[in-house]
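# Coordinate analysis (summary)
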Amino acid sequence: MFTLTQIKTAHAKVKSGADFPNYINALSTLGITQYVHFVADGCIEYCGANNFSIASNAKWDVIAIAKVASKELLQHALTIHQQGQTDYLTFCKQAGEAGVQKWIVDITAMTCTYYDLNQNEMITEFIPRV
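Residues numbered from 1 in each chain as written. Predicted model: local features only at pLDDT ≥ 70, side-chain atom pairs only at ≥ 80, totals over all residues. Heavy atoms only, no water.

Let us now look at the pairing of strand β4 (residues 100–106). Burial analysis of β4 places 5 of its 7 residues in the buried class, which makes it a mostly covered element. Looking at chain direction, strand β1 (residues 32–38) and β4 are connected through 5 bridges and run antiparallel. Of the residues in β4, the one forming a bridge with V36 is I104. Alignment of β4 against strand β5 (residues 111–116), held across 6 bridges, turns out to be antiparallel. Across the sheet, the residue bridging to V105 is C112, located in β5. (Buried < 20%, exposed > 50% of the residue type's maximum accessible area, 1.4 Å probe, protein only. Helix = DSSP H or I, 4+ residues; strand = E, 2+ residues; numbered from the N terminus. Pairing = 2+ DSSP bridges.)

Here's what the structure looks like:
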């Protein structure tokens, strides 16, 4: 089983989107198989084997989620974040502006899928293995 403290330690090493693959590797080592990140308040539910899960508390004041989703805005936000041009909170705000309600990282499949308010898939990215 894993703890929020272990997850926070792994996350503290992330400075930009460029560090994301290493972060996912660290979570996998902890036994996390999937997590769901809710953009509005930054709450994250982490899941592992045997239906074990824990959730973080809200991390920030509520970010508005656009009612009309834009894959183009999301793709732009992803691109600049992965290039290290934005920090995590800025990326989350830009994701909300693009209409992202949540994203689900499937560590087993090495994918990150972004969903709008209607639970429609917007973009699925493959996470590079490190």
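Picking up after the structure, the text goes on.
On to the environment of D61, then. Among the structural elements, D61 can be located in the loop between β3 (53–55) and α3 (71–82). Residue class for D61 comes out exposed when judged on its relative accessible area of 70%. In the structure, D61 is positioned 25 residues away from T86 in sequence and 19 Å away in space, judged by C-alpha atoms.

Along the polypeptide, T113 turns up in strand β5. Take T113: its relative accessible area is 8%, and that puts it in the buried class. Among the polar contacts made by the side chain of T113, one reaches the side chain of T124 at a distance of 3.1 Å. If near-sequence neighbours (up to four positions away) are discounted, T113 is found in contact with K102, W103, I104, E121, I123 and T124. (Polar contact = N/O pair within 3.5 Å; in protein donor to acceptor, adjacent residues only side chain to side chain. Contact = heavy atoms within 4.5 Å.)

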